[in-house]
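Below are the chains, spelled out letter by letter.
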Amino acid sequence: MRYFILFILLFISVYIFAQSRPKIHFKAVLIDTHNDVLSSSVLEGNDISHRINTGQSDLDRWKEGGVDVQFFSVWTGDTPRNKEGFFKDANQEIDSLEFLILRNPGRIVPGYTFHDVIAGIRQKKFVALIGVEGGHMIEGDMNKLDSLYKRGMRYMTLTWNNSNSWATSAMDETLHADSLQHKGLTDFGRQVVRRMNELGVIVDLSHTGEQTFYDAIATTTKPVLLSHSSVWNICPVFRNVKDGQIRAVAKNGGVICINFYSGFLDSNFAKKMDELEGTRGKQIKDSLKQFYDAAKMNEIWRQYFSAELEPYRPSISKLVDHIDYIVKLVGDDYVGIGSDFDGVSSVPVGLDDVTKYPLITEELIKRGYSKKSIKKILGGNVLRVMKANFK
Ligand SMILES: [Zn+2]
């Protein structure tokens, strides 16, 4: 009898383990179109060749999460890190990815062509691609666009939160509309899009303002990508996409990859954040200032801030609502995964790092998604967009 109970317990635990690691997840090609580990960790000197106890990503953990292809975001903010400027920042980050690849021969392969990507997947290697997040890194110079392409850039996000001389951002178009010199793409901006099409660099429209989005969609001859954006109708924040935009992407044959950031997934989380960043936060900070120096005050504030937000973190089910929404609006060919891991301060409960993608697949299975649909969502749709763009 005792053995029988033990057997039953063993059976139950194997069953639960198998459920949490759905087979289809590891059979399917998983592509994540946005990860910020280069700027947030690798540039700081962390070696992500093996499991580390900081951040959300490293090679061992990607393997555990079943990730086959990763776009590494090359990001710099509106003030350059190097005195030489944004272009130098981008090159330095690409160097850091090249060093990671050199340190891990046989494990990572760079994806320069569509053939490289497919070959890497077949050989069960981890395929690394470069996405440059922000057109400001070409510094208004077409030669620098060509140069970044030669170094491996395979998508470029036309803007980050900052606008540049040829494209306006979602942040500026919505929050600073009065101070804009122009709105949307300039003539040079259209030339940039056309040159990207010629080179085989995917036009990424995450972060762009609506005007830039529609100008770019009207200019490009290739399918576009939104590498890390979620649905405005579920969580109405400036970084998310509206129904008209989702329909336009479907018409263009592009793909929208869902961002995991709690503040883009859940409107209650976003509201709470606004509250903390607004008058209430200012009051708290002012009172802290009377007792502590700036460093201590910031530390206390950060702890308080995340503790206050913790109960508002969404569930994985909420994330899948965003996928579901796009599927119900335009079908299952236009949605993918663009986590923004290592670039965001909060993700859904349980989705702590890159080992947790199987939980999304599990939720899709629970909702009755077919294997065919799941394969498209996890990577098939992005593969189609890569094929249409790359050489
Ligand atoms: Zn971003």
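Structure's up top.
These numbers were taken from a predicted model, which means no experiment stands behind them.

Student: Could you clarify how one ought to interpret the overall build of the chain in this entry?
Tutor: A tally of regular secondary structure across the chain gives 18 helices and nine strands. Rg of the C-alpha trace for the chain: 21 Å, near the compact-globule value of 21 Å for 391 residues, within the 12% margin. Projected onto the principal axes, the alpha-carbon positions of the chain cover approximately 80 × 60 × 45 Å. Of all 391 residues assigned to the chain, the portion counted as buried reaches 45%. Pairs at least 24 apart in sequence give 74% of the contacts found in the chain among residues at least 6 apart.

Student: Looking at this model, I keep getting lost on the environment of Asp116. Mind explaining?
Tutor: Here Asp116 lies in helix H6 (residues 114-122). Residues Asp116 and Ile217, spaced 101 residues apart in sequence, show a C-alpha to C-alpha distance of 27 Å. When residues no more than four places from it in sequence are discounted, the contact partners of Asp116 are Val109, Pro110 and Gly111.

Student: Looking at this structure, I do not really get helix H16 (residues 316-330). What am I missing?
Tutor: Structurally, the α-helix is built with 3.6 residues per turn, so residues lying three or four positions apart point the same way. Here H16 contains 15 residues, and its C-alpha end-to-end distance of 22 Å stays within 8% of the 21 Å for a straight helix at 1.5 Å per residue. In this fold, the buried residues of H16 make contact with helix H11 (243-252), strand E8 (255-258), helix H12 (262-265), strand E9 (335-337), helix H17 (357-366) and helix H18 (371-389). Of the residues flanking the end of H16, it is Gly331, one or two places downstream, whose phi is positive at about 105 degrees.

Student: Teacher, can you tell me more about helix H5 (residues 86-103) here?
Tutor: In a regular helix each residue adds 1.5 Å, so 18 residues correspond to 26 Å; H5 covers 26 Å between its end C-alpha atoms and thus fits that length. Looking at H5, one finds that the buried residues are Phe86, Asp89, Ala90, Glu93, Leu97 and Leu100. Looking down the long axis of H5, one finds its buried residues gathered within 100 degrees of arc, a one-sided arrangement. In H5, those exposed residues whose orientation departs by more than 90 degrees from the buried face are Phe99 and Leu102.

Student: What's the story with the nonpolar core in this structure? I'm lost.
Tutor: Across soluble globular proteins, nonpolar side chains show a tendency to be buried alongside one another. Judged by nonpolar contacts, the single largest core of 89 residues is most densely connected at Phe72, Val132, Val203, Ala216, Val255, Ile256 and Val335. A per-element tally of this core places H18 first, with seven residues. Sequence-distant contacts of Val203, that is, excluding residues within four places in its chain, are made with Leu158, Val193, Met196, Ala216, Thr220 and Val224.

Student: Looking at this structure, I do not really get unusual backbone geometry. What am I missing?
Tutor: A negative phi angle characterises most non-glycine residues, just as the trans form characterises most peptide bonds. At His207, a residue that is not glycine, the phi angle is positive and equals roughly 75 degrees. With respect to the secondary-structure elements, His207 resides in the loop between strand E6 (202-204) and helix H10 (210-219). For Asp340, which is not glycine, the phi dihedral falls at a positive 70 degrees. Along the polypeptide, Asp340 turns up in the loop between E9 and H17. Judged by the 25 C-beta atoms lying within 10 Å of it, Asp340 falls in the buried class.

Student: Please explain the pairing of E8 as it appears in this structure.
Tutor: As a general feature of sheets, a regular strand has side chains that alternate between the two faces. Residues of E8 alternate between two faces, with Val255 and Cys257 on one and Ile256 and Ile258 on the opposite face, all of them buried. The pairing of strand E7 (residues 225-226) with E8 spans two bridges and is parallel. Looking at the pairing, Leu226 lines up with Ile256 of E8. Handedness of the crossover joining E7 and E8 through H11: right-handed. Across three bridges, the pairing between E8 and E9 is parallel. Bridged to Ile258 within E9 is Ile337.

Student: Just checking my understanding: could you explain the packing of H16 against H17 for this structure?
Tutor: To characterise two packed helices, one gives the angle between the axes of the helices and the distance between these axes. Packing of H16 against H17 leaves a shortest axis separation of 10 Å and a crossing angle of 65 degrees. For the element pair H16 / H17, the angle class is roughly perpendicular. The crossing of H16 and H17 is right-handed. Taken together, the residues of H17 that come into contact with H16 (itself represented by Ile316, Ser317, Leu319 and Val320) are Leu359, Ile360, Glu363 and Leu364.

Student: Explain the packing of H11 against H16 here, please?
Tutor: Running from amino to carboxyl end, H11 crosses H16 at an angle of 65 degrees, the nearest separation of the two axes being 10 Å. In terms of orientation, H11 and H16 fall into the roughly perpendicular class. The way H11 lies across H16 gives a crossing that is right-handed. Residues Asp243, Ile246, Arg247 and Ala250 of H11 form the contact with H16, whose participating residues are Ile326, Leu329 and Val330. Tallied by class, the residues present in the contact of H11 with H16 amount to five nonpolar, no polar and two charged.

Student: Is there a simple way to explain the pairing of strand E1 (residues 31-35) in this structure?
Tutor: With five of five residues buried, E1 is to be regarded as a mostly interior element. Sheet topology note: the E1/strand E2 (residues 69-75) ladder contains three bridges and is parallel. Opposite Asp32, over in E2, you have Gln70 as the bridge partner.

Student: Explain the environment of His25 to me, please; I cannot follow it from the model alone.
Tutor: The topology assignment puts His25 in helix H2 (residues 23-27). Assessed through the 21 C-beta atoms surrounding it within 10 Å, His25 is described here as buried. Once the C-alpha coordinates of His25 and Gly66 are considered, the two residues, 41 residues apart in sequence, prove to be 7.1 Å apart. Contacts of His25, omitting those with residues within four sequence positions, involve Gly66, Pro358 and Thr361.

Conventions and cut-offs
Residues numbered from 1 in each chain as written. Predicted model: local features only at pLDDT ≥ 70, side-chain atom pairs only at ≥ 80, totals over all residues. Helix = DSSP H or I, 4+ residues; strand = E, 2+ residues; numbered from the N terminus. Rg over C-alpha atoms; globule rule 2.2 N^0.38 Å. Buried ≥ 20, exposed ≤ 12 C-beta atoms within 10 Å, placed from the backbone. Contact = placed C-beta atoms within 7 Å. Expected span 1.5 Å × (residues − 1). Arc of directions from axis to C-beta. Core = buried A, V, L, I, M, F, W, Y, C linked by C-beta atoms within 7 Å. Pairing = 2+ DSSP bridges. Right-handed = clockwise from strand over helix to strand, strands pointing away. Axes fitted to C-alpha atoms, helices over the stretch in contact; angles between N-to-C directions. Parallel < 35°, antiparallel > 145°, perpendicular 65-115°, else oblique. Left-handed = near helix turned anticlockwise from the far one by under 90°. Nonpolar A, V, L, I, M, F, W, Y, C, P; charged D, E, K, R; others polar.

None of the figures reported here should be taken as evidence of function without further support.
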